[in-house]
Amino acid sequence: MTATVEYVDEEPNGLAAIIGGLIEGNLAQHPEREALLKPAVIGISAPDVGVSITLQIAPGRVGVANGLQGKPHLLVQTDSERLIELSSVPLRFGLPDNMTKDGRAVTGALMKGQIKVRGMTRHLGRLARLNKLLSVN
């Protein structure tokens, strides 16, 4: 089965195009990551530019919609520049690798509230799968 990334809106916003394209590219390069597509609703927001998206993940499919829709399991909020940087952070078990400088920087940003993840403690597995889907490593 080949996973698909579907844009819910006729004109995806810039964040939807970037995140959807990143997931699409990663699934094409790493077909084994299709196993990460387990049911989840994830919101991603960049308040500094007033843009947000919702990812509706299901086996074989990722729906990408403009804006926050419904009540996501996870809501990731940070500035737009940091969102893009997160895709290149080395991961260990799906979470930032604190043995690396970049991983420690992400953990520090979480501790300082520069990256907010609502639902992180209840949905750590979903967060780890999202990180792996978005990772270019």
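Going by the structure above, here's the rest.
What you are looking at is a predicted structure, and each value in this text was computed from that prediction instead of being measured.

*Asks:* Can you tell me about the environment of Ala 46, naming the residues and giving the values?
*Replies:* Topologically, Ala 46 is positioned in strand S2 (residues 40-46). Spatially, the C-alpha atoms of Ala 46 and Asn 26 are 22 Å apart, while their sequence positions differ by 20 residues. Residue contacts for Ala 46: discarding those within four places in its chain leaves Val 51, Thr 78, Asp 79, Ser 80 and Leu 83.

*Asks:* Explain the sheet that holds S2 to me, using residue names and the numbers behind them.
*Replies:* If you trace the six strands from one edge of the open sheet to the other, you get S1-S4-S3-S2-S5-S8, paired in mixed fashion. Either end of the sheet is taken by a strand with one partner, and the two such strands are strand S1 (4-7) and strand S8 (116-118). This sheet shows a mean twist of 20° between the axes of neighbouring strands, independent of strand direction. With seven bridges connecting them, S2 and strand S3 (residues 51-58) associate as antiparallel partners. Looking at the pairing, Ile 44 lines up with Ile 53 of S3. Most of the contacts of helix H4 (residues 124-134) go to strand S5 (residues 74-77), to which it runs at about 50°, and overall it touches S2, S3, S5 and S8.

*Asks:* Explain the nonpolar core residue by residue, including any values.
*Replies:* Judged by nonpolar contacts, the single largest core of 32 residues is most densely connected at Ile 23 and Leu 55. Counting only elements with at least two residues in this core, the list comes to helix H1 (14-29), S2, S3, strand S4 (61-66), S5, helix H3 (101-111) and H4. Top element by residues in this core is H1. It accounts for six residues. Sequence-distant contacts of Ile 23, defined by excluding residues within four places in its chain, comprise Val 5, Leu 55, Val 62, Leu 133 and Leu 134.

Rules of the game
- Residues numbered from 1 in each chain as written.
- Predicted model: local features only at pLDDT ≥ 70, side-chain atom pairs only at ≥ 80, totals over all residues.
- Heavy atoms only, no water.
- Helix = DSSP H or I, 4+ residues; strand = E, 2+ residues; numbered from the N terminus.
- Contact = heavy atoms within 4.5 Å.
- Pairing = 2+ DSSP bridges.
- Axes fitted to C-alpha atoms, helices over the stretch in contact; angles between N-to-C directions.
- Core = buried A, V, L, I, M, F, W, Y, C linked by side-chain atoms within 4.5 Å.
- Buried < 20%, exposed > 50% of the residue type's maximum accessible area, 1.4 Å probe, protein only.

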